[in-house]
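Chain by chain, the residues run as shown.
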Amino acid sequence: GAPARSAVPAVATPAGLSGREGGEIRITGVSKSFGPFKVLDEVSLTLRAGSVTAIIGQSGSGKSTLLRTINHLERVDSGFIAIDGELIGYRQDGDTLYELKESDILARRVDVGMVFQGFNLFPHLTAIENLVEAPIAVRGLPRAQALAEAHDLLARVGLADKADAYPRQLSGGQQQRVAIARALALRPKVLLFDEPTSALDPELVGEVLDVIKELARSGTTLVIVTHEIGFAREVADQVVFMEGGRILEQGPPSRVLAAPDHPRTREFLAKVL
Ligand code: ADP
Ligand code: MG
């Protein structure tokens, strides 16, 4: 007969708004070229579930490309990336890997949120509408629940009173906080930040970093490309220094930032500090 199935609640409503369990990222021997130019060269890196990793390095070193491979916005030429043991963008059948079809890639991408330098909010939608769209479309939430969660998320980033504001009515720092809340609305296991404060006026950087600091305590795995060395020192469990598509040095901030082994890391830090 049919196998017995235990009843599960139709809608799980975990307390709080933290990300889901898990989020370990394993990057193994990843290489990527654009034409003749090798942008990632045998990159291997493990990020523990719930950890915070800061990626530093000069412009053109491959930081954004590495970040984009983690959610398969960029295909790797060789190597593997797995989140909680599941390959990104591929399924394995015996000895063969098959690239997932676009709809399956999109379904998996729910696990990996991304926040960009330029906010990328929908300009024609209010803050709250920016937050509810994806949970309704992707998580299938009823609108009322999506709205309730969105209000909680806006409160969490300090914008409870801006629900009905359009992006153009918000400062850059406020827009970026809405963008972070929007990424959280899909309850990702992993959140990727690509220079989240680089487009901001200096006086607005702190409010965005404060939100990320708060997130760092929530158990979501965070990967942050940043030039904010002080922030990396304070928040990151692990700092990764990239140059020419390779990881030259990685380790706890107390070592990599304070007493780097590699002369290139020392030169880079001397320039940005
Ligand atoms: P970073 O984020 O560290 O500044 P990127 O990962 O953006 O570095 O880029 C690394 C190198 O790859 C750069 O030289 C850049 O010009 C090149 N690159 C990035 N994306 C593309 C692309 N889509 N096509 C061709 N070259 C690219
Ligand atoms: Mg970049």
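Residues numbered from 1 in each chain as written. Chains lettered and ligands numbered in written order. Predicted model: local features only at pLDDT ≥ 70, side-chain atom pairs only at ≥ 80, totals over all residues.

Within an unreviewed UniProt entry, the label attached to the chain reads ABC transporter ATP-binding protein, and the organism entered is Methylobacterium currus.

Okay, unusual backbone geometry next. The backbone phi angle of Asp84 is positive, close to 50°, even though this residue is not glycine. Assignment of secondary structure puts Asp84 in the loop between strand S4 (78–83) and strand S5 (86–87). Overall, the presence of 16 C-beta atoms within 10 Å leaves Asp84 in the partly exposed class. Phi at Asn120 is positive, roughly 55°, even though this residue is not glycine. Within the fold, Asn120 resides in the loop between strand S8 (112–115) and helix H3 (127–137). (Helix = DSSP H or I, 4+ residues; strand = E, 2+ residues; numbered from the N terminus. Buried ≥ 20, exposed ≤ 12 C-beta atoms within 10 Å, placed from the backbone.)

Our focus in this paragraph is the nonpolar core. It is characteristic of soluble globular proteins that their nonpolar side chains tend to be buried jointly. Core analysis: the largest hydrophobic core is formed by 67 residues, its most contacted members being Leu131, Leu154, Ala181, Leu192, Val223 and Val239. With six residues, helix H5 (residues 172–184) is the largest single contributor of residues to this core. Apart from residues lying up to four places away in sequence, Val239 is in contact with Ala54, Ile56, Ala232, Gln250, Gly251, Pro253, Val256 and Leu257. (Core = buried A, V, L, I, M, F, W, Y, C linked by C-beta atoms within 7 Å. Contact = placed C-beta atoms within 7 Å.)

Our focus in this paragraph is the site of ligand 1. Neighbouring ligand 1 are Phe34, Val39, Gly57, Ser59, Gly60, Ser61, Gly62, Lys63, Ser64 and Thr65. The leading source of residues in the shell around ligand 1 is helix H1 (residues 63–70), at three residues. For the shell around ligand 1, the class distribution of residues is two nonpolar, seven polar and one charged. (Near = placed C-beta within 6 Å. Nonpolar A, V, L, I, M, F, W, Y, C, P; charged D, E, K, R; others polar.)

Two faces belong to every sheet, and in a regular strand the side chains alternate between them. The pairing of strand S1 (residues 25–34) with S4 spans five bridges and is antiparallel. Bridge pairing in S4 links Ser31 to Ser78. Where S4 and S5 come together, two bridges link them in antiparallel fashion. Paired with Ala82 across the strands is Leu87, a residue of S5. If you look at the hairpin formed by S4 and S5, you'll find two residues sitting between the two strands, and Asp84 has a positive phi there, around 50°. (Pairing = 2+ DSSP bridges.)

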